[in-house]
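# Examination of the molecular architecture
Each chain is listed here by its residues.
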Amino acid sequence: MKTSEKIRQRIKHWEGRCLKAYRCAANVLTIGYGHTGADVKEGQIITEAEADEIFARDIERFEKSVSSLFADTALTQNQFDALVSLSWNIGALDRKAPSLVRRVKANPNDPAIRAEFLKYSNAKVKGVMKQLPGLVARRTDEANHYFNSAAI
């Protein structure tokens, strides 16, 4: 599956676009639309076109990861979108959100999945795990999108 344009725009909205590398709240070097990795360097500057190219490569990587992980699970477009968005933000779901993965594989319509999304609204800030209001809002939006209960 491929992500919808709607969720792509939401990811860009949640991540924001920064053309100069910065350290996010979790102290991770970030550039473009939330891109992290060994290729991001302190003081690095990219163009808008480069930010869009990086986004396209990153979204494809997360689509493949979610598609592979749930290859035997019938997901709706909204479910797929929300899982890609969550993975974009926290990393590989099989390692970062194993209980969510188990629930989705067992029954993608299990209402308890909503609470699973909300488990991932914390980040380390100055070495301390804190719930961040922006992540609570994002996880709520993703869960609503997953269950198709909000105009995302």
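The paragraphs below set out a description of the structure included in this document. Just so we're clear, the structure is a prediction, and the values are computed from it rather than from any experiment.

Conventions we followed
Residues numbered from 1 in each chain as written. Predicted model: local features only at pLDDT ≥ 70, side-chain atom pairs only at ≥ 80, totals over all residues. Heavy atoms only, no water. Buried < 20%, exposed > 50% of the residue type's maximum accessible area, 1.4 Å probe, protein only. Helix = DSSP H or I, 4+ residues; strand = E, 2+ residues; numbered from the N terminus. Arc of directions from axis to C-beta. 1 Å grid on protein atoms, 1.4 Å probe; cavity = no way out; pocket = protein on both sides within 12 Å on 5 of 7 lines; lining within 4 Å. Points joined across faces, edges and corners; volume = space filled by probe spheres on them. Nonpolar A, V, L, I, M, F, W, Y, C, P; charged D, E, K, R; others polar. Pairing = 2+ DSSP bridges. Phe/Tyr/Trp six-rings, centres within 6.5 Å; stacked < 30°, edge-to-face > 60°. Lys NZ or Arg CZ within 6 Å of the ring centre and 35° of its normal. Contact = heavy atoms within 4.5 Å. Core = buried A, V, L, I, M, F, W, Y, C linked by side-chain atoms within 4.5 Å. Axes fitted to C-alpha atoms, helices over the stretch in contact; angles between N-to-C directions. Parallel < 35°, antiparallel > 145°, perpendicular 65-115°, else oblique. Expected span 1.5 Å × (residues − 1).

For helix α1 (residues 5–15), the full list of buried residues reads Ile 7, Arg 8, Ile 11, Lys 12, Trp 14 and Glu 15. Down the axis of α1, the buried side of the element spans an arc of 165°, and every buried residue falls inside it. Phi for Gly 16, located one or two positions after α1, is positive at around 70°.

So, about the layout of surface pockets. Remark: the empty space left among the atoms is shown by a probe the size of a water molecule rolled over them. Roughly 910 Å³ of internal volume is contained in the largest pocket. For the largest pocket, the lining is made up of 32 residues, of which Glu 15, Cys 24, Trp 88, Asn 89 and Ile 90 are closest to its centre. Of all the secondary structure elements, the ones that give two or more residues to the lining of the largest pocket are α1, α2 (48–69), α3 (77–90), β3 (122–125) and α7 (133–146). When the residues that make up the lining of the largest pocket are grouped by side-chain class, the tally is 15 nonpolar, nine polar and eight charged.

Relative to strand β2 (residues 29–32), strand β1 (residues 18–23) runs antiparallel, the two being bridged by three bridges. By the bridge assignment for β2, Cys 18 is matched with Gly 32. Joining the antiparallel neighbours β1 and β2 is a turn of five residues, in which Asn 27 adopts a positive phi near 70°.

What follows covers the packing of aromatic side chains. Tallied over the full model, the rule gives five aromatic pairs. Among the aromatic residues, those joined into a ring-pair cluster are Tyr 33, Phe 55, Phe 62 and Trp 88. The lysine or arginine in question, Lys 12, covers the ring of Phe 55, its NZ or CZ lying 4.8 Å from the ring centre.

Looking now at the environment of Ile 113. Here Ile 113 shows up in helix α6 (residues 113–118). Measuring from C-alpha to C-alpha, the distance between Ile 113 and Ile 90 comes to 16 Å, with 23 residues separating the pair along the chain. Ignoring any residue separated from it by four or fewer positions in sequence, one finds Ile 113 in contact with Leu 100, Arg 103, Val 104, Asn 107, Pro 108, Tyr 146 and Phe 147.

As a further point, take the nonpolar core. Membership of the largest hydrophobic core comes to 35 residues, with the highest contact counts inside it found for Phe 70, Leu 83, Leu 93, Leu 100, Val 104 and Phe 117. Where this core is concerned, the elements lending two or more residues are α1, β2, α2, α3, α5 (98–106), α6 and α7. Beyond its immediate sequence surroundings of up to four residues, Leu 100 is in contact with Leu 83, Leu 86, Ile 113, Glu 116 and Phe 117.

The next point concerns the packing of α1 against α7. Relative orientation and spacing of two packed helices are given, respectively, by the angle between their axes and the distance between those axes. Axis separation between α1 and α7 bottoms out at 12 Å; the angle between their running directions is 175°. One finds that α1 runs roughly antiparallel with respect to α7. Along its contact with α1, which presents Lys 6, Ile 7, Arg 10, Ile 11, Trp 14 and Glu 15, the element α7 presents Arg 138, Asp 141, Glu 142 and His 145.

Looking now at α3. Over its 14 residues, α3 runs 20 Å from end to end, which matches the ideal 20 Å to within 8%, given 1.5 Å per residue. Taken across its 14 residues, α3 has 12 buried, putting it largely inside the fold. Looking only at α3, the buried set comprises Asn 78, Gln 79, Phe 80, Asp 81, Ala 82, Leu 83, Val 84, Ser 85, Leu 86, Ser 87, Trp 88 and Ile 90. In this fold, the buried residues of α3 make contact with α1, α2, α4 (93–96), α5, α6 and α7. Two residues or fewer after α3 comes Gly 91, characterised by a positive phi angle close to 110°.

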